[in-house]
Amino acid sequence: MAGRGRGEVRTAAVAGPAVGPVAGVQLPSQSRINDLLDAASGRTGHESGAVVLVSAPAGTGKTTQVARWLATLDDTIVATTQVPRPDSVAGIWRSLRTQIAAQTDPAGTRAAMAWPSLSGRRDDLSFPDDADWVERELAVIDRPVVIVIDDAHGLSDHLSMHSVQTFLDAIPRHVSVVLIARHDPPLAWHRYASEGRFTRIGTAEMSLTDDETTAVLRATGTEVTSEQVTRVRELTRGWITLVLIAADHLAGRRDVAQALAELEASTQPVSDLLVGAMIARLPVHLREFAATTAVLPDFDVDLATHVSGQNAAAAVTELVGAGFPVVPAGSMGGPVPDAGRYTYPGLIRVHLVAELRRSGPGAVDGAYRRAIAWSSRHQRHGDALRQALMFGDPAVLAATLMTSGAGMVLAGEIDTFEPMLDDGCHVLADTAIVMLLRALVALESGDINCAAIHLENAGIAAPQLTDLVSETDDVGLLYRILLLRLAAYRPIRDLDALIRSVVSPPPGAAPAMRALALMTIGSTFIGRGELDRAETVLTSAIAIAETSAQDLLRARILERRAAASGQRGDNLVMLRYSRSAIALAGTTGPITRHTVARCRAKIAYAQYLMGEPYDPPLSDGGLAWGSSPGGQVGAADLRTELLMLVARFRENDHRAMVADRARRVLATMLATAGPDLGPARSSVLLPRVAHMCATVGHPDRIFDLVETAEHASGPQPETTLATVVARCVQGRFESARTILAPMLGSTDRMHPVTEVSVGVLDAYIGVALDDEHACHRGLETALSVAEPMRLVAPFLEGGRAIADALARHSGTFGYLDDFAEHVRRLSRDRSGPDEVHLTPSEMRVLSYMPAGRTAEEMAEILSVSVNTVKTHLRAIYRKLGVGTRRDAVAAARSAGLI
């Protein structure tokens, strides 16, 4: 394939310090296999890409050889997956989608696209969206792509085969698909061969040659004749694993011929004989250690010490010294294996587990139980759940799903958890725990409808869950938490009773679950405007979460605490909590990015209110505006977008578009407010959006917003302010003063930013009506409220008029003079043509100016007199501070008016 070559070993392959004879020998066949795979993946006489089948029995080294080949590929996108079980195909496409999205955009701004669409059920029938996404993305990638599907022999059911068959038919020329299987899956290989794009690498190709076998034997210090090499190949069939073990078996033997004769004379299969002999040579304590740890998919010294009761570090060192094959853990295509995690080759593990079963009827079960308990206790949720799935005991799996499964979801590891949950369904079927966890995943992913369905089904499967009065366990607590979270989107009959049932979790509840319960209650209080209660509950949640080792959960609680402070108007506290949340959240995963985006929006809005530039500067594409990971938009998502639109309005070159988008987002937030949870004080942002609409010459849209807001929550101080802004833009200052008058001196339940805006508008109207007393009164009121929280934005919205007023009254504000001078400097620095307000009629005339229309032509189009057009033109020139039409067009474009 073009653009691909040999290079240094990449993280996509099994790498790391291999130990023991199986992993320690550099396989002499690797170069030959690499050449075969290079030629096969580059072979295509067709418009579609190459298809490679690596089909050979276990022990031939298929997966290892392909993984090492992947490590030689440069400038190539590599995605690897495996068939998890015969009747599951969803995991294949989910895994490929996530890996491809992560590699096509290293910055991660498109990685949220990798989150599967949750339009319906979250099971094996939901994979078409993922498969379609993979096909579309592969079509536009401009680099070579290699996709590896391991354990392809598991493709036995019709749905799985049809899905993969359709995919192979559609892959473009620059994509190669390598399928690894123990036997040929029933796909249309003959058709791919007739198209000139198919290569089969079978047992003959995977088996070692005489020369390669000789090299392996000599690498272990065994000198052999050509006849003996042939006998070794016949005994082992040239399979890599068996040749390596045979080499270890023959190492140090003086009479190689006699050793081979013993192997040939045995009635046991040679694999059993070789592996059994290797295990039998171990001292008893090492044999017990290896057998116990072989139960686990992989282990580190801490886990192995607990499970085996021995010093694992010393045991591993002894095993390596004895030449026993201990290999670093890690799957093909995954991250670089942790040098502290180990496992054994597959054939060895099978014999070791059999050895453990012979030692006692409960030995294997005991090892599993000890491993699961230890992993859960040490917050290794993924390890615990993998171990529980391998163990297969329904009761243990259910308990592990409840603790470690929920822990993985809250840690943002949904992509890893969902395939495990799918596998768990084969043991637990559709039990309440499974459905509750599916509901939790759906809520975390933004699919409210799917979550509601799963929650309802959980209540049907376990009716006792719906009793909100009696005491409950962890499962019941999770049910109530999910029900309370849904209350933000759907009315609940007795919300207060539900809150009371969640606020006191079971004494034995995990810290993460208790923190989640309090975070949910706090979010509910924020939605209801009960900010004192919200802050109290969220502060407790933060303290509990610190003991849970769940950084993402802590970050989310901090974000909610920042939201409560923002609703209250405590700008500096919102800024502090938002920054703390970002520091904890990390950088990967859709839920993490979504949380970070919310915090960044709060930071941007806080800095906007203080008149500071946004730090750090981010492009708009770096924020998850208006979309939860699952693609659905909630009130918090809309608020995130609106905060950023307001904060970045001045910096945008397309202000008219931004103002219109902000107006529509706010209208949606106000119109969709529920009766219990309310608009979450969304109307607080109404004056800011009104200013944006006024800046781009659309005061008529302000009145539409006011009507929507009053319909949602009745008259509010913010609706009055927005009306005053519209009146000022229209030049109706006496009317504006009359409307504003009742708010002067009245601060009951008024948001601090709203209170500052009242004073600034009072001063602005005073300037317009030449009333310096009113101007000073308004400025002094606004400065006294704004100074403690450094609220500058309302002054900046007043433009040059407020800046000049501050200059005229400089030195008359007492202790507020320093802050007034700070505001004045910012106002003067940021005042300009973007502060002008054109009437709708003036905006209509302005829209025809870039096309060079004459006044007569404009008059005819607008059905007004020529004198009216000329009056509007003079007003436009005056407001923009220009003297010619060309300068007016340039200034209007700079201000974002056209």
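Keep in mind that what you see is a predicted model, and the values were worked out from it rather than measured.

Procedures and definitions
- Residues numbered from 1 in each chain as written.
- Predicted model: local features only at pLDDT ≥ 70, side-chain atom pairs only at ≥ 80, totals over all residues.
- Heavy atoms only, no water.
- Helix = DSSP H or I, 4+ residues; strand = E, 2+ residues; numbered from the N terminus.
- Buried < 20%, exposed > 50% of the residue type's maximum accessible area, 1.4 Å probe, protein only.
- Contact = heavy atoms within 4.5 Å.
- Pairing = 2+ DSSP bridges.
- Axes fitted to C-alpha atoms, helices over the stretch in contact; angles between N-to-C directions.
- Parallel < 35°, antiparallel > 145°, perpendicular 65-115°, else oblique.
- Left-handed = near helix turned anticlockwise from the far one by under 90°.
- Nonpolar A, V, L, I, M, F, W, Y, C, P; charged D, E, K, R; others polar.
- Phe/Tyr/Trp six-rings, centres within 6.5 Å; stacked < 30°, edge-to-face > 60°.
- Core = buried A, V, L, I, M, F, W, Y, C linked by side-chain atoms within 4.5 Å.
- Salt bridge = Lys/Arg side-chain N within 4 Å of Asp/Glu carboxyl O.
- Right-handed = clockwise from strand over helix to strand, strands pointing away.

## A few points about the overall build of the protein chain
Argument step 1. When helices and strands are counted, the protein chain shows 45 helices and eight strands.
Argument step 2. Buried residues in the protein chain amount to 56% of all 898 residues.
Argument step 3. Nonlocal contacts in the protein chain, meaning residues at least 24 apart in sequence, comprise 71% of its contacts between residues at least 6 apart.

## Brief notes about the sheet that holds strand β5 (residues 198–201)
Argument step 1. As summarised here, the arrangement of the five strands in space is β2-β3-β4-β1-β5, forming an open sheet in which the pairing is parallel. Sheet topology places β2 (77–82) and β5 at the edges, where each strand pairs with a single neighbour. Taking the axes of each pair of neighbouring strands and ignoring which way they run, one obtains an average angle of 15° across the sheet.
Argument step 2. With four bridges connecting them, strand β1 (residues 50–55) and β5 associate as parallel partners.

## Brief notes about the packing of helix α9 (residues 210–219) against helix α11 (residues 240–250)
Argument step 1. It is at 9 Å that the axes of α9 and α11 come closest, and there the two elements cross at 40°. When the axes of α9 and α11 are compared, the pair comes out oblique. By crossing handedness, the relation of α9 to α11 is classed as right-handed. Across from Thr213, Val216 and Leu217 in α9, the residues of α11 making contact are Val243, Leu244, Ala247 and Leu250.
Argument step 2. Class assignment of the residues belonging to the contact of α9 with α11 gives a composition of six nonpolar, one polar and no charged.

## So, the sheet that holds strand β7 (residues 327–328)
Argument step 1. One open sheet accounts for three strands, arranged β6-β8-β7; its pairing is antiparallel. The two strands at the open ends of the sheet, each matched to only one other strand, are β6 (299–300) and β7.
Argument step 2. The pairing of β6 with strand β8 (residues 341–343) spans two bridges and is antiparallel. Its bridge partner being in β8, aspartate 300 is matched across the sheet by arginine 341.

## Things to note about the packing of aromatic side chains
Argument step 1. Applying the stated criterion to the full structure yields ten aromatic pairs.
Argument step 2. Ring geometry for phenylalanine 733 versus tyrosine 764: centroids 6.4 Å apart, planes at 45°, classification tilted. Placement of phenylalanine 733 in helix α36 (residues 733–740) and of tyrosine 764 in helix α37 (residues 752–768) is noted, with a sequence separation of 31 residues between them.
Argument step 3. Each member of the aromatic cluster is reached from another via a ring pair, and the members are Phe289, Phe299, Phe324, Tyr342 and Tyr344.

## Regarding the nonpolar core
Argument step 1. Core analysis: the largest hydrophobic core is formed by 215 residues, its most contacted members being Phe324, Tyr344 and Phe795.
Argument step 2. It is helix α22 (residues 432–444) that contributes the most residues to this core, eleven residues altogether.
Argument step 3. When residues no more than four places from it in sequence are discounted, the contact partners of tyrosine 344 are Phe289, Ala290, Thr293, Ala294, Phe299, Leu319, Phe324, Pro325, Val326, Val327, Arg349 and Leu352.
Argument step 4. With 33 residues, the next largest nonpolar core counts Ile77, Ile149, Ala152 and Leu187 among its residues.

## So, the pattern of salt bridges
Opposite charge on two side chains permits them to pair, given that their charged atoms come into close proximity.
Argument step 1. According to the stated counting rule, one finds 37 salt bridges in the structure shown.
Argument step 2. Salt-bridge contacts for glutamate 195 lead to arginine 197; the nearest nitrogen and oxygen are separated by 2.7 Å.
Argument step 3. A relative accessible area of 18% places glutamate 195 in the buried class.
Argument step 4. Here arginine 197 falls in the buried class, since its relative accessible area comes to 1%.
Argument step 5. The partner of aspartate 383 in a salt bridge is arginine 341, and the shortest N-O contact between them spans 3.1 Å. Of this pair, aspartate 383 sits in helix α19 (residues 381–391) while arginine 341 sits in strand β8, placing them 42 residues apart in sequence.
Argument step 6. For arginine 341, a relative accessible area of 15% puts it in the buried group.
Argument step 7. If you follow the salt bridges from partner to partner, you end up with Asp298, Asp300, Arg341, Arg380, Asp383 and Arg386 in one network.

## Re the pairing of strand β4 (residues 175–181)
Argument step 1. Counting buried positions along β4 yields seven of seven residues, so the element is predominantly enclosed.
Argument step 2. Of the two faces of β4, both are covered, the one formed by Val175, Val177, Leu179 and Ala181 as well as the one formed by Ser176, Val178 and Ile180.
Argument step 3. Of the crossover connections in this fold, the one passing from strand β3 (residues 145–150) over helix α6 (residues 158–170) to the parallel β4 is right-handed.

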